[in-house]
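Summary of structural features
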Amino acid sequence: MWGGRFSARPDQIMEAINASIDTDKRLAEEDIAGSKAHAAMLAKTGVITPADAKAIADGLDKVLAEIREGKFQFSKALEDIHMNVESRLKEIIGEPAGRLHTARSRNDQVALDFRLWVKSACGMRMEQIVTLQKALLAQAESHAESVVPGFTHLQTAQPVTFGHHMLAYVEMLERDRTRFADAIARMNESPLGAAALAGTGFPIDRHMTAKALGFDKPMNNSLDAVSARDFAIESLAAVAICAQHLSRLAEEIVIWSSAQFGFVKLSDAWSTGSSIMPQKRNPDAAELVRAKSGRAIGSLVQLLTIMKGLPLTYSKDMQEDKQTTFEAFDALDLSLQAMAGMISTMTPNVERMRASASSGFSTATDLADWLVRELNIPFREAHHITGAAVKAAEQAGCALPDLPITTLKSIEPRITEKVFAVLTVDASVASRQSYGGTAPVRVREQIAAWKQKLSA
């Protein structure tokens, strides 16, 4: 493609390190869409004839069909998807193919293709997030009143409802979804027509190609257009944050499904066995989701590192932007699908969760609150009294609700039998009626709101 300047072929290793076709062939659909829009614009502005534009469009359709059918022969000698497509186009239509690259460069071409791919990938992940949210919402609705221990420091803190716990992840995922939406909004400008870096002297219409390709407008600065990769970096940040949220949920599934906890049972479809231990039921899908978050986070760091020292505009370093981005989006794709499958088919063990929620003096805060509310004791004093009650129960080897009233009165004489009404886990969760709290009435309100939002 640059034979006029060079008289010798590149070294074999140079060809190997320079070629990107094994990676960027995934951009074939975007590359051909961009080329068709570019050719149509060139014809409308009089840069090429309508006959050449039609030949180019028809030829590109044939190239795309070959790629979709698996008949296209990709060549490393042609380096990338752009030259592979153009070379095959020339074989099909001849001389008009040479006019396609008028008023553009591979610099704006790859910037366009990559931006189109990332934009589409963000939209697809948004749809997958909604699918997972609906699976979580279904579990929340089924278990709006099922009690489970809430933890801090992985120690029993206060009882909550399982539905409330599921909704916490619905909220996290909604922020992930909007991060992808925000990224799409910022990347929705077309770099096509920036050419190599300075624009072009041909009378092109960049607004026409931007509209044809689904962008809001063309990018304002040709230098920025070919050199910007922050759209990919921002999208990878959204991928990494979402993957980290999935990793937290995966970790809880691993813990919950263990014999020691037994809070949930994963379906056979999302569990594996052991080659030596017949009794094993391993949450491998959850563990792999947890691991793939590392790949997503690593991809973000990798692209930031690739771009951090590059002067304007294009440098060949930027050829390495696509593989790491593809890998991160692929990892999130699998993770979201796997998590939706696990959540939608897992079976919570309501009895086991309730028993665990009742242990560890989980209603101690309710005792302190009762002392404040009913006896007008300052909270710090109530905290001290409750601590003494917990210590007494610990020494007696019983739960707080099982402490004799005489023991409680020996700690604080004003305590009455009425206190026992607040020391059950059901009373505890029912009392948490502040906005965003775990009370079943609040959980059901949130479920109704989310059902309406996710069905809109």
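Everything that follows concerns the structure shown earlier in this document.
**Looking at helix H6 (residues 106–142)**
For H6, spanning 37 residues, the distance from its first C-alpha to its last is 54 Å, which sits close to the expected 54 Å at 1.5 Å a residue. One side-chain oxygen of the residue at the start of H6 lies 2.9 Å from the amide nitrogen of Asn-107, identifying that residue as Ser-105.

**Description of the state of the cysteines**
Following the criterion strictly, the structure yields zero disulfides and no others. A disulfide-free cysteine, Cys-122 has its sulfur positioned 11 Å from the sulfur of Cys-242, the nearest such atom.

**Structural notes on the nonpolar core**
Within the largest apolar cluster, 92 residues are counted, with the highest numbers of intra-cluster contacts made by Leu-132, Leu-136, Phe-180, Phe-329, Met-339 and Ile-343. Looking at which element gives the most residues to this core, the answer is helix H10 (residues 230–256), with 15 residues. Ignoring any residue separated from it by four or fewer positions in sequence, one finds Leu-136 in contact with Met-166, Tyr-169, Val-170, Leu-173, Leu-249 and Ile-343. Counting residues in each nonpolar core, the second largest holds 21 residues, with Trp-370, Leu-371, Leu-400 and Val-422 among its members.

**What about the packing of H6 against H10?**
The interhelical angle for the contact between H6 and H10, taken along N-to-C directions, is 25°, at an axis separation of 10 Å. Taken together, H6 and H10 sit at an angle that is classed as roughly parallel. Crossing handedness for the pair H6 and H10: left-handed. The residues of H10 that touch H6, namely those facing Ala-111, Phe-114, Arg-115, Val-118, Cys-122, Ile-129, Leu-132 and Leu-136, are Phe-231, Ala-232, Ser-235, Cys-242, Leu-246 and Leu-249. Taken together, the residues that form the contact of H6 with H10 break down as 12 nonpolar, one polar and one charged.

**Comments concerning the packing of aromatic side chains**
Tallying each qualifying case throughout the model produces nine aromatic pairs. Aromatic side chains Phe-72 and Phe-74 sit 4.7 Å apart centroid to centroid with 50° between the ring planes, which places their arrangement in the tilted category. Following the ring pairs from residue to residue traces out a cluster consisting of Phe-114, Trp-117, Phe-180, Phe-231, Phe-326 and Phe-329. The aromatic ring of Phe-326 is capped on one face by Arg-26, whose charged end is 4.7 Å from the ring centroid.

**What about the side chain of Asp-24?**
Looking at where Asp-24 falls in the secondary structure, it is placed in helix H2 (residues 21–24). Put simply, Asp-24 is tucked away with no salt bridge, and the nearest opposite charge, on Lys-322, sits 5.5 Å away. Here Ser-20 takes part through its side chain, which lies 2.5 Å from a polar atom of the side chain of Asp-24. Beyond its immediate stretch of four places on either side in the chain, Asp-24 contacts Asp-80, Ile-81 and Lys-322.

**Here we look at a nonpolar patch on the surface**
A contiguous nonpolar patch, built from Leu-197, Leu-223 and Leu-312 and spanning about 280 Å² of accessible area, is present on the exposed surface. Its location among the elements puts Leu-312 in the loop between helix H11 (284–307) and helix H12 (321–345).

**Details of the environment of Arg-177**
The topology assignment puts Arg-177 in helix H7 (residues 162–187). Since its relative accessible area comes to 21%, Arg-177 is described here as partly exposed. Residues Arg-177 and Glu-127, 50 residues apart in the sequence, show an inter-C-alpha distance of 8.4 Å. The contact partners of Arg-177, leaving out residues within four places of it in the chain, are Met-126, Ile-129, Val-130 and Gln-133.

**Focus on unusual backbone geometry**
With an omega dihedral of 10°, the bond running from Leu-312 to Thr-313 counts as a cis peptide bond. With respect to the helices, strands and loops of the structure, Thr-313 is situated in the loop between H11 and H12. Even without a glycine there, the phi angle at His-153 is positive, about 60°. The phi dihedral of Leu-154 falls on the positive side, at around 60°, and the residue is not glycine. The residue Leu-154 is located in the loop between strand E1 (147–152) and strand E2 (155–161) in this model.

**Focus: the pairing of E2**
Bridging between E1 and E2 involves six bridges; their strand directions are antiparallel. Residue pairing for E2: Pro-149 is matched across the bridge by Pro-159. Taking the residues between adjacent antiparallel strands as the criterion, E1 and E2 are bridged by two residues, where His-153 takes a positive phi near 60°.

**Concerning the side chain of Asp-52**
Mapped onto the secondary structure, Asp-52 falls in helix H4 (residues 50–68). Only 3.0 Å separates the side chain of Asp-52 from the side chain of Arg-99, close enough to count as a polar contact. Beyond its immediate chain neighbours, meaning those up to four positions away, Asp-52 contacts Pro-96 and Arg-99.

**So, the packing of H7 against helix H18 (residues 440–455)**
Across the interface, H7 lies against H18 with an axial gap of 10 Å and an inter-helix angle of 35°. Along this stretch, H7 crosses H18, giving a crossing that reads as left-handed. Contacts between H7 and H18 pair Gly-163, His-164, Leu-167, Val-170, Glu-171 and Glu-174 from the former with Val-443, Gln-446, Ile-447, Trp-450 and Lys-453 from the latter. Classifying every residue of the contact of H7 with H18 gives five nonpolar, three polar and three charged.

**Focus on helix H14 (residues 364–375)**
End to end, H14 covers 16 Å across 12 residues, agreeing with the expected 16 Å (1.5 Å per residue, within 8%). Of the residues making up H14, those classed as buried are Ala-364, Asp-366, Leu-367, Ala-368, Trp-370, Leu-371 and Leu-375. Close packing links the buried residues of H14 with helix H15 (379–396) and helix H17 (425–431). Where H14 ends, the next residue or the one after it, Asn-376, has phi of about 60°, a positive value.

So, how was this worked out
- Residues numbered from 1 in each chain as written.
- Predicted model: local features only at pLDDT ≥ 70, side-chain atom pairs only at ≥ 80, totals over all residues.
- Heavy atoms only, no water.
- Helix = DSSP H or I, 4+ residues; strand = E, 2+ residues; numbered from the N terminus.
- Expected span 1.5 Å × (residues − 1).
- Polar contact = N/O pair within 3.5 Å; in protein donor to acceptor, adjacent residues only side chain to side chain.
- Disulfide = S-S within 2.5 Å.
- Core = buried A, V, L, I, M, F, W, Y, C linked by side-chain atoms within 4.5 Å.
- Buried < 20%, exposed > 50% of the residue type's maximum accessible area, 1.4 Å probe, protein only.
- Contact = heavy atoms within 4.5 Å.
- Axes fitted to C-alpha atoms, helices over the stretch in contact; angles between N-to-C directions.
- Parallel < 35°, antiparallel > 145°, perpendicular 65-115°, else oblique.
- Left-handed = near helix turned anticlockwise from the far one by under 90°.
- Nonpolar A, V, L, I, M, F, W, Y, C, P; charged D, E, K, R; others polar.
- Phe/Tyr/Trp six-rings, centres within 6.5 Å; stacked < 30°, edge-to-face > 60°.
- Lys NZ or Arg CZ within 6 Å of the ring centre and 35° of its normal.
- Lys, Arg positive; Asp, Glu negative; His and termini not counted.
- Salt bridge = Lys/Arg side-chain N within 4 Å of Asp/Glu carboxyl O.
- Patch = residues over 30% accessible without salt bridge, like charges linked within 9 Å, V, L, I, M, F, W, Y side chains within 5 Å.
- Areas by Shrake-Rupley, 256 points an atom, 1.4 Å probe, with all protein chains shown as cover.
- Pairing = 2+ DSSP bridges.

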